[in-house]
Protein chains: 2
Amino acid sequence: MHKYSIGVDFGTLSGRAVIVDLTTGEEVAVAVHEYSHGVMDNKLPDGTSLGVDWALQHPGDYLDVFRITIPQVLKESGVNPDQVVGVGVDFTACTMLPVTPEGVPLCFLEKYRSRPNAWVKLWKHHAAQEEANRLNMIAEERGERFLKRYGGKISSEWMIPKIWQTLNEDPVIYDAAARFIEAADWVIWQLTGRETRNTCTAGYKAIWHKHHGYPSKDFFRALHPKMEDLVDKKLSLELLPAGTRAGVITRAASEMTGLDEGTAVAVANVDAHVSIPAVGITSPGKMLAIIGTSTCHMILGTTEIEVPGMCGVVEDGIIEGFFGYEAGQSCVGDHFQWFAENCTPAEYRNQAIAQGIDIHALLTARAASLKPGESGLVALDWWNGNRSVLVDVDLTGMIAGLTLATKPEEIYRALIEATAYGTRMIIETFEEHGVPVNEFYAAGGIAEKNPFMMQIYADIINREIKISGSPQAPALGSAMFAAVAAGKRSGGFDTIREAAVTMAKVKDQTYLPSEENRKIYDKLYAEYRILYDYFGRGANDVMKRLKLIRKEVRG
Amino acid sequence: MHKYSIGVDFGTLSGRAVIVDLTTGEEVAVAVHEYSHGVMDNKLPDGTSLGVDWALQHPGDYLDVFRITIPQVLKESGVNPDQVVGVGVDFTACTMLPVTPEGVPLCFLEKYRSRPNAWVKLWKHHAAQEEANRLNMIAEERGERFLKRYGGKISSEWMIPKIWQTLNEDPVIYDAAARFIEAADWVIWQLTGRETRNTCTAGYKAIWHKHHGYPSKDFFRALHPKMEDLVDKKLSLELLPAGTRAGVITRAASEMTGLDEGTAVAVANVDAHVSIPAVGITSPGKMLAIIGTSTCHMILGTTEIEVPGMCGVVEDGIIEGFFGYEAGQSCVGDHFQWFAENCTPAEYRNQAIAQGIDIHALLTARAASLKPGESGLVALDWWNGNRSVLVDVDLTGMIAGLTLATKPEEIYRALIEATAYGTRMIIETFEEHGVPVNEFYAAGGIAEKNPFMMQIYADIINREIKISGSPQAPALGSAMFAAVAAGKRSGGFDTIREAAVTMAKVKDQTYLPSEENRKIYDKLYAEYRILYDYFGRGANDVMKRLKLIRKEVRG
């Protein structure tokens, strides 16, 4: 009798469950549930208004995902609950909330439900920017070494700025919170009845280090006297790597999900990072890029090296026993969307309508008829700043080589190429600092749906590109860790490496670099690098000065 | 009884006559005639095909302008021919043709009418580029000093490359040509019955210098042995400055135009340069910019100075007794047209249609609501290379400061600002080399019709801008020189300065720089200059390398 595991992936707008056959690796059924409350960026359910840059969620929506999608995949697959050896989850991060000692979200309590800080702060909640700025300043003044592990900056999206915002704006909630916890860990708590924390979110989002722990009490006191004991009192010192068993399904969770009591539950994970084993990566030298509106790059290493401009390096952060490195490009698909909305002439729009295709398909078809270098354009892909390797939000976009003969599809292609040059720059920076990148994998919407762009990436980074074989790589990854949490004796696997042999998937078709194109792109990339260094490393800070002027003028 | 003079302006597609009251300066009547043959860039009237980059005209069309427009302005104004003291013309340049000893265009002769080189080569005929390149190479090798007077390069649009092309492609026509002559001088010949040549076209377009004459026989022999005697045999050594009397209306010309035999005829002039007195400029320190698809800048000086990157300096070239300097920007209105055609979203196009305005009016209205510096953008206005002050056709456009929030109207405004920075760079270069620019005048389509842009220019160059008061400044300028050719005794004027007092016109409304805007633009211009030097003066020749790559790829 075949055994199965279930992975549940919590995204920004919905959650999805997948049930996987542990003998064949087949994804037998999938179910999706959209959050009833979506992203709350305007007001709370009771009408309380939110400020600028807020983005909250309702923890009840997460429970609905369990309640609806797990029974559905069981039903659709015809799998009996006793055939399910384990369940795992992954989540957006840092998506966090304050809870009672029993794990009840403060926003569930009548007395706190009108207080914005009592709710779940979603990963893209940006209202803690001031706290992040002050935190970075204080850390720099104090010479905190942890800064280097994060490319020199802690993001406003991460755990500590979000907690500090709560304390600054609503100390009652800060005091009432027995724990501040990642939503990832909170949903696991709801399944197992006990609190666990995972090394992935702690390491990448809460400044935790396997050997040095969290920042010191002195540092937290420097932020705010009340935060001195934050770690001891409201976080957790016990952290478990991915694949570890967090516990088992409780009776209550069994009623909620239809799974058997006692079914193994894996510790939580992050959606991007959990995709690594889903494409079969369990050892160093293989980079995975998740390419969508932005891009997240991950790779494993055997030692802790400070690579300039990465987003973090965490021991056991992705796969136990390795150092997981993360880097990022803050604007990828967003570039093309901006271009389509702002720079596409009416004639093109009409042609797309006439052909019954969307504007991106039209621009892609036209751009595909061009040869590399034919446009004479080169761009810097900094429309939303540069995350890796310059870690500078104040950089902006640039394009050179424009003439009266320049066509929209040439600019569109130049933007695609610029994001690929940005990826190559990240790869080369890793390699120059002793983290080899021998293979390249891609997942995410653009990787799966845009062969034209993936071919350009292959030509520019001069590596074969393998594409994720599952349309729900994160959920598949979670199912893999669920099987590991269950272990071989229960019908799962003892290691993620073993799970990967059966369960991981890449598409048969890969993208091979064209030697002819690569030669031209090497020349163009050389130009990109010169401009990258000139505008990005201080030779001409015109972009920053323009931003300052802009700020002065706007007042 | 009032006296009158007539100016005839020969443009690219049509000719227009204006008759002006010499007592009041009033432009009493105007008449326009479109050339029947327009610009021939595809085939000759008999169907003979033309090559790439050819642009020819039919000299008969010019005579039609005389035949139709002069009688028409006489009729409309009710002026008696004996009240007309003189007639003057201006022309596009270098627009040239080969003629017989009697001044008959070779293309009028049956045996030559199928030979493209027998026709009028229009100013924008670009098929002599190879000859221009070789001429520049040879001149540089020989260390010819004249190159410096033209910013280092002789254009393919000018006289000598066009003649050389004739010799290379059709030596029969070269041999048959008794003269190669500017169309400007040729039409005067048709009015007076005798050949004259003007210092303006000779100086700016045929490498003539008041004291050094044309280039040496040695130089011409180095181009081609048959060209050694070009100057003596096919050009002219007698050149007259503007305002000089070329002759008087012959009986034949009287029949053609309805003017009295014996009416004074001024020597020919160039359309841009003749506009200088039309706005009242007759002394140094006052720059006139004619702003249209491209911009031509002219200013008078008292000494001959080699200013880097100008298009030419000619003694008596604009106003007798002064050195006339010319500079240029090769892409101004063309920028905005490119942007409107290639980068304007469908939504904007629809709004413009809904409001019943053209897309430029919509973009202008939106751009006008922005403050200087608010977009955070700065561009280099090199979409068609840079004429002054870098004289480099291989430079291309650049824009920096782009973000996901950048709107089309912000880019549109940045392009306008970039052309104004380019003008400021020209002004500063003149001033740094001892040619002061105390006042600024503007004429041409954009100057007259786009107050938003003119205000930006005023703010950026930090000078009051006076706008040409006549919608046909060149024709008015020609009428002024006609009055001078007639002289005071005949009811005209003895000097162009005197003519200007009565006849020159600027609009009452001028554009005054805003102190607040100027301060911001000073900062932005500083950024423009840094980028100008970086991309334009060899620090990073990325634009040229991109063009080379483009050429290699296109094959």
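Please refer to the structure higher up on the page.
Residues numbered from 1 in each chain as written. Chains lettered and ligands numbered in written order. Predicted model: local features only at pLDDT ≥ 70, side-chain atom pairs only at ≥ 80, totals over all residues. Heavy atoms only, no water.

Novice: Break down empty space enclosed by the protein for me, citing the residues and quoting the values.
Specialist: Over the atoms, a rolled probe matching the size of one water molecule traces out where space is still vacant. The final tally for this structure, using the stated rule, is nine cavities of 30 Å³ or more. Each pocket or cavity is described by its volume, and for the largest cavity that value is around 150 Å³. Lining the largest cavity we find 14 residues, and of these Ile399, Leu402 and Ile411 of chain A together with Ile399 and Ile411 of chain B sit closest to its centre. Listing elements by their share of the lining of the largest cavity, those giving two or more residues are α12 (333–342) and β17 (397–402) of chain A together with α12 (333–342) and β17 (397–402) of chain B. Residue composition of the lining of the largest cavity, grouped by class: 14 nonpolar, no polar and no charged. (1 Å grid on protein atoms, 1.4 Å probe; cavity = no way out; pocket = protein on both sides within 12 Å on 5 of 7 lines; lining within 4 Å. Points joined across faces, edges and corners; volume = space filled by probe spheres on them. Helix = DSSP H or I, 4+ residues; strand = E, 2+ residues; numbered from the N terminus. Nonpolar A, V, L, I, M, F, W, Y, C, P; charged D, E, K, R; others polar.)

Novice: Tell me about the interface of chain B and chain A, and name the residues and values.
Specialist: With 53 residues of chain B at the interface, the matching set in chain A holds 53 residues. Contact between chain B and chain A buries roughly 4500 Å² in total, counting both sides, with carbon and sulfur atoms accounting for 62%. Per-residue buried area on chain B facing chain A is highest for Leu404, Leu546 and Val553 of chain B; these three make up 15% of the total on that side. Counting every contact that joins chain B to chain A gives eight salt bridges. In this structure, arginine 545 of chain B and glutamate 527 of chain A form a salt bridge, with 2.5 Å as the shortest nitrogen-oxygen distance. Of all the secondary structure elements, the ones that give two or more residues to the side of chain B that touches chain A are α12, α13 (346–355), β17, α15 (408–432), α20 (515–536) and α21 (542–554) of chain B. Direction of pairing for β17 of chain A relative to β17 of chain B: antiparallel, over a ladder of five bridges. Bridged to alanine 400 of chain A within β17 of chain B is methionine 398 of chain B. (Contact = heavy atoms within 4.5 Å. Buried area = accessible area lost by both parts, 1.4 Å probe. Salt bridge = Lys/Arg side-chain N within 4 Å of Asp/Glu carboxyl O. Pairing = 2+ DSSP bridges.)

Novice: Go over the pattern of salt bridges with me, naming the residues and quoting the values.
Specialist: Residues and elements named next belong to chain A. The tally for this structure, following the rule as stated, stands at 68 salt bridges over all chains. Where lysine 210 meets glutamate 315, a salt bridge forms, and the shortest distance between an N and an O atom there is 3.5 Å. In this pair, lysine 210 is assigned in the loop between α7 (199–205) and α8 (217–223) and glutamate 315 in strand β14 (residues 312–315), connecting sequence segments 105 residues apart. Exposure remark for glutamate 315: the relative accessible area of 15% places this residue in the buried category. Taking the shortest distance from any N to any O, the salt bridge between glutamate 431 and arginine 463 comes out at 3.2 Å. Of the two residues, glutamate 431 is situated in helix α15 (residues 408–432) and arginine 463 in the loop between α17 (451–461) and β19 (465–467); the sequence distance between them amounts to 32 residues. (Buried < 20%, exposed > 50% of the residue type's maximum accessible area, 1.4 Å probe, protein only.)

Novice: Could you give an account of the packing of aromatic side chains, naming the residues involved and the relevant values?
Specialist: Residue and element names in this part refer to chain A. If you walk through the whole model with that rule in mind, you get 42 aromatic pairs over all chains. On the numbers, 5.6 Å between centres and 75° between planes, the contact of tyrosine 35 with tyrosine 62 is edge-to-face. Taken together, the residues tyrosine 35 in the loop between β3 (27–34) and β4 (56–57) and tyrosine 62 in helix α1 (residues 59–77) connect sequence positions 27 residues apart. Under the relative-accessibility criterion, tyrosine 35 is labelled buried at 5%. Residue tyrosine 62 is classed as buried on the basis of its relative accessible area of 0%. Here tyrosine 62 and phenylalanine 91 contribute two aromatic rings whose centre-to-centre distance is 4.8 Å and whose plane-to-plane angle is 90°, an arrangement assigned as edge-to-face. (Phe/Tyr/Trp six-rings, centres within 6.5 Å; stacked < 30°, edge-to-face > 60°.)

Novice: Mind laying out α21 of chain B, listing which residues take part and the relevant values?
Specialist: When the terminal C-alpha atoms of α21 of chain B are compared, their 18 Å separation across 13 residues agrees well with the 18 Å that a helix rising 1.5 Å per residue should span. Within α21 of chain B the residues assigned to the buried category are Val542, Met543, Leu546, Ile549, Arg550 and Val553 of chain B. Projected down its long axis, α21 of chain B shows its buried positions confined to an angular sector of 120°, all on one face. Facing away from the buried surface of α21 of chain B by more than 90 degrees, the exposed residues are Leu548, Lys551 and Glu552 of chain B. For α21 of chain B, the elements touching its buried residues are β16 (378–380), β17 and α20 (515–536) of chain A together with β16 (378–380), β17 and α20 of chain B. Once α21 of chain B ends, the next one or two residues include glycine 555 of chain B, with phi positive near 70°. (Expected span 1.5 Å × (residues − 1). Arc of directions from axis to C-beta.)

Novice: Quick rundown of the environment of glycine 333 of chain A? Include the residues and the values.
Specialist: Residues and elements named next belong to chain A. By the element assignment, glycine 333 lies in helix α12. The class for glycine 333 is buried, based on a relative accessible area of 12%. On a C-alpha basis, the gap between glycine 333 and leucine 259 in space is 38 Å, while along the polypeptide they are 74 residues apart. Here glycine 333 is in contact with Gly292, Thr293 and Ile446, once residues within four sequence places are set aside.

Novice: Explain the pairing of strand β15 (residues 323–329) of chain B residue by residue, including any values.
Specialist: Residues and elements named next belong to chain B. With seven of seven residues buried, β15 lies mostly within the body of the structure. Side-chain alternation along β15 places Phe323, Tyr325, Ala327 and Gln329 on one buried face and Gly324, Glu326 and Gly328 on a second face that is also buried. Here seven bridges tie strand β13 (residues 295–301) to β15, and the two strands are oriented antiparallel to one another. Paired with leucine 300 across the strands is glycine 324, a residue of β15. Alignment of strand β14 (residues 312–315) against β15, held across four bridges, turns out to be antiparallel.

Novice: Could you give an account of the pairing of strand β18 (residues 439–443) of chain B, with specific residues and numbers?
Specialist: The side chains of a regular strand alternate between the sheet's two faces. Residue and element names in this part refer to chain B. The element β18 is largely enclosed, with a buried count of four among its five residues. Bridging between strand β12 (residues 286–291) and β18 involves five bridges; their strand directions are parallel. Bridged to methionine 287 within β18 is phenylalanine 440. Two strands pair when backbone bridges link them, and β18 and strand β19 (residues 465–467) are joined in this way by three bridges, in the parallel orientation. Note on β19: the bridge partner recorded for alanine 442 is isoleucine 467.

Novice: How would you summarise the relation of the copies chain B and chain A if you had to cite specific residues and measurements?
Specialist: Turning chain B through 180° and shifting it by 0.0 Å along the axis lays it on chain A, with an RMSD of 0.1 Å. This pairing of chains is accounted for by a two-fold axis. (Least-squares fit on C-alpha atoms with pLDDT ≥ 70 in both.)

Novice: Quick one: what's the story with the nonpolar core, residue by residue and with numbers?
Specialist: Core analysis: the biggest nonpolar cluster contains 158 residues, and Phe430, Met454 and Phe535 of chain A together with Phe430, Met454 and Phe535 of chain B have the highest contact counts within it. Not counting chain neighbours up to four residues away, the residues in contact with phenylalanine 430 of chain B comprise Met287, Ile299, Val307, Met310, Tyr325, Ala327, Val435 and Val437 of chain B. (Core = buried A, V, L, I, M, F, W, Y, C linked by side-chain atoms within 4.5 Å.)

Novice: Can you break down unusual backbone geometry residue by residue, with the values?
Specialist: Peptide bonds are mostly trans, and most non-glycine residues show a negative phi. Omega for the bond connecting serine 388 of chain A with valine 389 of chain A falls within 30 degrees of zero, at 10°, which places this linkage in the cis form. Looking at the secondary structure, you find valine 389 of chain A in the loop between β16 and β17. Located in the positive-phi region is isoleucine 207 of chain B, a residue other than glycine, with phi close to 60°. We classify isoleucine 207 of chain B as buried; its relative accessible area is 1%.

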